[in-house]
Amino acid sequence: MSLPTRVQLIDVGPRDGLQNEKQPVPAAVKIGLVQRLQAAGLKEIEVTSFVSPKWVPQMADNTEVMAGLTRQPGVSYSVLVPNMKGFEAAVLSRPDEIVVFGAASELFSQKNINCSIAESIERFAPVVEAALKAGIRVRGAMSCTVGCPYEGEVAPERVGMLARLMKDIGVQRVDVADTIGTGTPLKVRRAIEATLPHFGIDAISGHFHDTYGQALANTYAALEMGVWNFQSSVAGLGGCPYAKGATGNVATEDVVYLLHGMGIDTGIDLDRLVDAGQYISDFLQRKPNSRAATALLNKRG
């Protein structure tokens, strides 16, 4: 077995992690979180989304947040866009990458974005084309690749179909996401295997939620397949408004602790990362949802 010697993490905390918070998080706090993440060594950060504030009020300050960043060379700042209108607003903020999204479940697609899978791809085709023309990279988030809150288990064939559709419109890399955290290593392997005919291993990232405590096991399973890019959320922030019972993304601190313990380089300073998680947790008035962070903070006394 040959594991990657280096892993790059995309921290999605500022966007995916905070989007469902009920209490308003000021732009200055979001900017402070991004600054702390990049200071800890994160090279990819999902900053915000350009969606209607009617649907996601927490992201209404997207332009302010992007404008307030002190960008570091070598750091990629990505934003999620739902349609052409969102892209037209996002492009003014100079993102390095945009994220479009689709589901491997028809019912989830309807509940999440009020359209079928095929319709969602049609909607994103001109967005992807415009982004590539503008020199902006494109990532496709594939949700519900192993389980759906409405349909139950998702067949690998559905994942392969979605990956093919995304490849056909020009998406450059994709996330294999266990949106509701019901995945196990075998299911995750099958979802990745279904993606591989359309995207090489270097263009696949893992995105795992920890609802059933399987996120680190699923990360390890993906590592065994050669995946070296993963998404995680500082302090374990996040969840899914359309997936009842789904808990947060796997904590970046826990993934980094795992990887460093395996001798895999991440370029991330774990102590500074824990401080970043404590920063946003203090604002939200809760403890970090990370066992590694909790243990390290207790050790500090």
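Higher on the page you've got the structure.
Reading the values: rules and limits
- Residue positions are counted from 1 within each chain, in the order its sequence is given.
- Under the rules for a predicted model, residues below a pLDDT of 70 receive no local features and side-chain atom pairs below 80 are neither given nor counted, while totals for whole chains, interfaces and linings still include all residues.
- The side-chain figures draw on all heavy atoms in the structure; neither hydrogens nor water molecules are used.
- If DSSP finds at least two bridges between two strands, the strands pair.
- Starting at the N terminus, helices and strands are each numbered in turn, a helix being any DSSP run of H or I of at least four residues and a strand any DSSP run of E of at least two.
- Lines are fitted to the C-alpha atoms to define the axes, a helix being fitted only along its stretch in contact, and any angle between axes, read from their N-to-C directions, falls within 0 to 180 degrees.
- Every residue pair with non-hydrogen atoms within 4.5 Å of one another is taken to be in contact.
- Salt bridge criterion: a side-chain nitrogen from Lys or Arg within 4 Å of a carboxyl oxygen from Asp or Glu.
- Only protein chains enter the area calculation, which uses a 1.4 Å probe; residues under 20% of their type maximum are buried, those over 50% are exposed, and those in between are partly exposed.
- Each nonpolar core is a collection of buried residues, namely Ala, Val, Leu, Ile, Met, Phe, Trp, Tyr and Cys, held together in the definition by side-chain atoms within 4.5 Å.
- In this scheme Phe, Tyr and Trp rings, the latter by its six-membered ring, pair at centre separations within 6.5 Å, and the angle between planes marks the pair as stacked below 30 degrees, edge-to-face above 60, and tilted otherwise.

Moving on, we come to the sheet that holds strand 2 (residues 44–49). The eight strands are arranged 1-2-3-4-5-8-9-10 in a closed barrel whose pairing can be described as parallel. Here the average twist between neighbouring strands, direction ignored, is 25°. Where strand 3 (residues 76–80) lies against strand 4 (residues 97–103), three bridges are found, and the strand directions are parallel. Residue Leu80 lies in a different strand from strand 4, and its bridge partner there is Val99. Contacting strand 4 and strand 5 (137–143), helix 6 (residues 117–133) runs over the sheet at an angle of about 170° to strand 4. The strands touched by helix 8 (residues 185–195) within the sheet are strand 5, strand 8 (173–178) and strand 9 (204–208), with strand 8 carrying the most contacts at an inclination of about 155°.

Moving on, we get to the pattern of salt bridges. By the definition in use, this model includes 16 salt bridges. We note a salt bridge from Arg286 to Glu21, for which the minimum N-O separation is 2.8 Å. Placement of the pair is Arg286 in the loop between helix 11 (270–284) and helix 12 (291–300) and Glu21 in the loop between helix 1 (13–17) and helix 2 (27–39), with a sequence separation of 265 residues. Residue classification places Arg286 among the partly exposed residues on the basis of a relative accessible area of 39%. Salt-bridge contacts for Arg189 lead to Glu224; the nearest nitrogen and oxygen are separated by 3.1 Å. Highlighted residues: Arg189 in helix 8 and Glu224 in helix 9 (residues 215–224), separated in sequence by 35 residues.

As defined by bridge partners, strand 1 (residues 8–11) adjoins strand 10 (residues 229–232) across four bridges and the pair is classed as parallel. Bridge pairing links Asp11 to Ser232 in strand 10. Pairing between strand 1 and strand 2: two bridges, direction parallel. Of the residues in strand 2, the one forming a bridge with Asp11 is Ile45.

Counting residues in each nonpolar core, the largest one holds 89 residues, and the members touching the most others are Leu9, Ile98, Val100, Val171 and Leu273. Considering every element that reaches this core, the biggest residue donor is helix 6, with seven residues. Leaving out residues up to four positions away in the same chain, Leu9 has contacts with Leu42, Glu44, Asn229, Phe230, Ser232, Thr252, Val255, Val256, Leu259 and Ile268.

Throughout the structure, instances matching the rule amount to three aromatic pairs. Ring centres 5.2 Å apart and planes at 70° place the aromatic pair Phe101 and Phe124 in the edge-to-face group. Of the two residues, Phe101 sits in strand 4 while Phe124 sits in helix 6, which places them 23 residues apart along the sequence. Comparing Phe101 with Phe124 shows no difference in burial state: the two are buried.

By the secondary structure assignment, Ile264 is in the loop between helix 10 (252–261) and helix 11. Counting along the chain gives 51 residues from Ile264 to Gly213, while the straight-line C-alpha distance between them is 22 Å. Not counting chain neighbours up to four residues away, the residues in contact with Ile264 comprise Pro4, Thr5, Arg6, Val7, Leu223 and Leu259.

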